[in-house]
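Given next are the chains, with one letter for each unit.
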Amino acid sequence: FCCSTAIVAQDYIFFLHNRFLEDHELTDEHPRYGRAAYQEIITAFEKESFTVFSEKREANTNPQEYAREMITQIECLLESGVKSNHITVIGTSKGGYIAQYVSTFLKNPDVNFVFIGSYMQGDIERFPEINFCGNILCIYEETDTYATSAAKRKETSALPINHFKEIKLTTNLEHGFLFRALEEWITPSIQWAKRNYN
């Protein structure tokens, strides 16, 4: 990653994949959800003219440490003159939790975040240090036993949230919905990253 060549008017997406890909190859099949469509997801964002930063993380990545490394990259873009709301951090499952730490540590109310399938009942007790900050879109699937509405986290967050929206999907794919390059979550993520907060 090098932001010395950052284009000020460009829109940037940081995409953070789920935990399965930390432990598996890109071609491996999850026994329940199938292959994670990592490259297809990135391609979908690139087709919309975003510059996408993403990498396959190492096994057992520490979410807080990784979030702090990402913030260094984001701050580099900001110092290059890129506007905060031209930067979007999108995370699925564990990637969504890393994105929440980025939101917490960065404390920039104008950066865009999309948290996908990454809030569970009891998270406020489990991760009391997380504070949402920024333009926050949460997407979750009705049949997903690993994620639900994050409205409670919004209420407990002490940092500024300029925009907040939640989308509940009904794909019947359980947690597997975020393994796929589904229009149902990719399209609203793209709209959010383009600053269409309605």
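Residues numbered from 1 in each chain as written. Predicted model: local features only at pLDDT ≥ 70, side-chain atom pairs only at ≥ 80, totals over all residues. Heavy atoms only, no water.

A. Representation of the overall build of the chain. Within the chain, the secondary structure is distributed over 7 helices and 8 strands. Relative to its length of 198 residues, the chain is compact, with a C-alpha radius of gyration of 15 Å against a globular reference of 16 Å. Here the C-alpha coordinates of the chain stretch approximately 45 × 35 × 35 Å along the principal axes. A buried classification covers 52% of the 198 residues belonging to the chain. When contacts within the chain are restricted to residue pairs at least 6 apart in sequence, those whose partners lie at least 24 apart make up 78%. (Helix = DSSP H or I, 4+ residues; strand = E, 2+ residues; numbered from the N terminus. Rg over C-alpha atoms; globule rule 2.2 N^0.38 Å. Buried < 20%, exposed > 50% of the residue type's maximum accessible area, 1.4 Å probe, protein only. Contact = heavy atoms within 4.5 Å.)

B. Just the environment of Ile 139, in detail. Inspection of the secondary structure assignment puts Ile 139 in strand β7 (residues 134–141). When the C-alpha positions of Ile 139 and Glu 166 are compared, they lie 5.8 Å apart, and in sequence the two are 27 residues distant. Not counting chain neighbours up to four residues away, the residues in contact with Ile 139 comprise Val 114, Phe 115, Ile 116, Gly 117, Ile 167, Leu 169, Phe 177, Trp 185, Pro 188 and Ser 189.

C. Inspection of the packing of aromatic side chains at higher detail. Following the criterion strictly, the structure yields 11 aromatic pairs and no others. Aromatic pair Phe 15 and Phe 45: ring centres 6.1 Å apart, planes at 55°, arrangement tilted. Residue Phe 15 is found in strand β1 (residues 12–16), and its partner Phe 45 is found in helix α2 (residues 38–46); the two are separated by 30 residues along the sequence. Of the two residues, Phe 15 and Phe 45, neither departs from the other in class, the shared state being buried. Against the face of Tyr 66 rests Arg 57, its NZ or CZ located 5.9 Å from the ring centre. Arg 68 extends its terminal NZ or CZ atom over the ring of Phe 105, reaching a point 3.7 Å from the ring centre. (Phe/Tyr/Trp six-rings, centres within 6.5 Å; stacked < 30°, edge-to-face > 60°. Lys NZ or Arg CZ within 6 Å of the ring centre and 35° of its normal.)

D. Structural context of the packing of α2 against helix α7 (residues 183–193). In the contact formed by α2 and α7, the axes pass within 10 Å of each other and the chain directions differ by 40°. Our pair here, α2 against α7, has a crossing hand that is right-handed. Side by side, α2 and α7 meet where Ile 41, Ala 44 and Phe 45 of the first sit next to Trp 185, Ile 186, Ser 189 and Ile 190 of the second. Looking at the contact of α2 with α7 residue by residue, the classes come out as 6 nonpolar, 1 polar and no charged. (Axes fitted to C-alpha atoms, helices over the stretch in contact; angles between N-to-C directions. Left-handed = near helix turned anticlockwise from the far one by under 90°. Nonpolar A, V, L, I, M, F, W, Y, C, P; charged D, E, K, R; others polar.)

E. A look at the side chain of Ser 189. Note that Ser 189 resides in helix α7. The exposure class of Ser 189 is buried, given its relative accessible area of 0%. Setting aside chain neighbours within four positions, we find Ser 189 in contact with Phe 45, Ile 90, Val 114, Ile 116, Leu 137 and Ile 139.

Read these as spatial facts, not as claims about activity.
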